[in-house]
Amino acid sequence: APTRLEAERAPAVCDGTIDADHTGHTGTGFCNGRNALGAAVTFTVDAPQAGSAAVTVRFANGTTTARPADVTVNGAAAASASFGPTGTWATWTTATFTVPLRQGGNTVRLSPTTAAGLANIDHLDADTGTTPPPSGP
Ligand code: GCU
Ligand code: CA
C-alpha cells in the first residue's frame, strides 16, 4: 500500500497556511499555498530502495484556471503538474507522477510556475513498490 503523507503534517512544509475550511480533505486539513510564484509545498518521501516510484497528489482548484507546477525531486526536475480546475474548492481529485527516488529520504517539491500559486494540496501518496523489511534483531 502507498504511504500517505499529509500536507498539513510535518515533515511536509507548506509555504502558505494550513486550512480546513473546505470539506473533503483527508487528515486535519490541507495546504493553501500563498498565491505567488514559487510558493511551494514540500514532502519528504522515504524510499526503501532506489528506483522509480508513483506519487499521487490530491488537490482541489476551485477556479476556472489551471495552477501549473514543477515537480522536483531532490532539486532536480522530475515532472510537470497542471492542477486543472476541479469545479469547487471542496472537490478533490488526484494527479499521479512517476519520479526517480534514491534510497532513504527524498524531497518532493511542488512549486507553482505562475503568480496564482498552487492548487490546494491535501496529501501525497507515495508508492515505492516495496515494503521495507522489518527492522531489529
Ligand atoms: C480561496 C479559497 C482558498 C484558495 C484560494 C486560492 O480563497 O478559499 O482555499 O487557496 O482561493 O485562490 O488560492
Ligand atoms: Ca491559495
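To be clear, the structure that these remarks concern was listed above.
Structure report, in brief. For clarity, every value in this text was computed on a predicted model and none was experimentally measured. (Residues numbered from 1 in each chain as written. Chains lettered and ligands numbered in written order. Predicted model: local features only at pLDDT ≥ 70, side-chain atom pairs only at ≥ 80, totals over all residues. Heavy atoms only, no water.)

### Quick look at the state of the cysteines
Per the counting criterion, the structure on display carries one disulfide. Here Cys14 pairs with Cys31 through a disulfide, and the sulfurs are 2.1 Å apart. Between Cys14 and Cys31, the disulfide has an S-S torsion of 80 degrees and is therefore right-handed. Taken together, the positions of Cys14 in strand S2 (residues 13-14) and Cys31 in strand S4 (residues 30-33) put the pair 17 residues apart, joining distant regions of the chain. (Disulfide = S-S within 2.5 Å. Helix = DSSP H or I, 4+ residues; strand = E, 2+ residues; numbered from the N terminus.)

### Some details on the site of ligand 1
All residues adjacent to ligand 1 are His22, Asn32, Asn35, Arg67, Trp89 and Asn120. Within the side chain of Asn35, an N or O atom sits 2.8 Å from an oxygen atom of ligand 1. Protein chains shield 70% of the accessible area of ligand 1, which is 320 Å² for the free molecule. Partitioning the shell around ligand 1 into residue classes produces one nonpolar, four polar and one charged. (Near = heavy atom within 4 Å. Polar contact = N/O pair within 3.5 Å; in protein donor to acceptor, adjacent residues only side chain to side chain. Areas by Shrake-Rupley, 256 points an atom, 1.4 Å probe, with all protein chains shown as cover. Nonpolar A, V, L, I, M, F, W, Y, C, P; charged D, E, K, R; others polar.)

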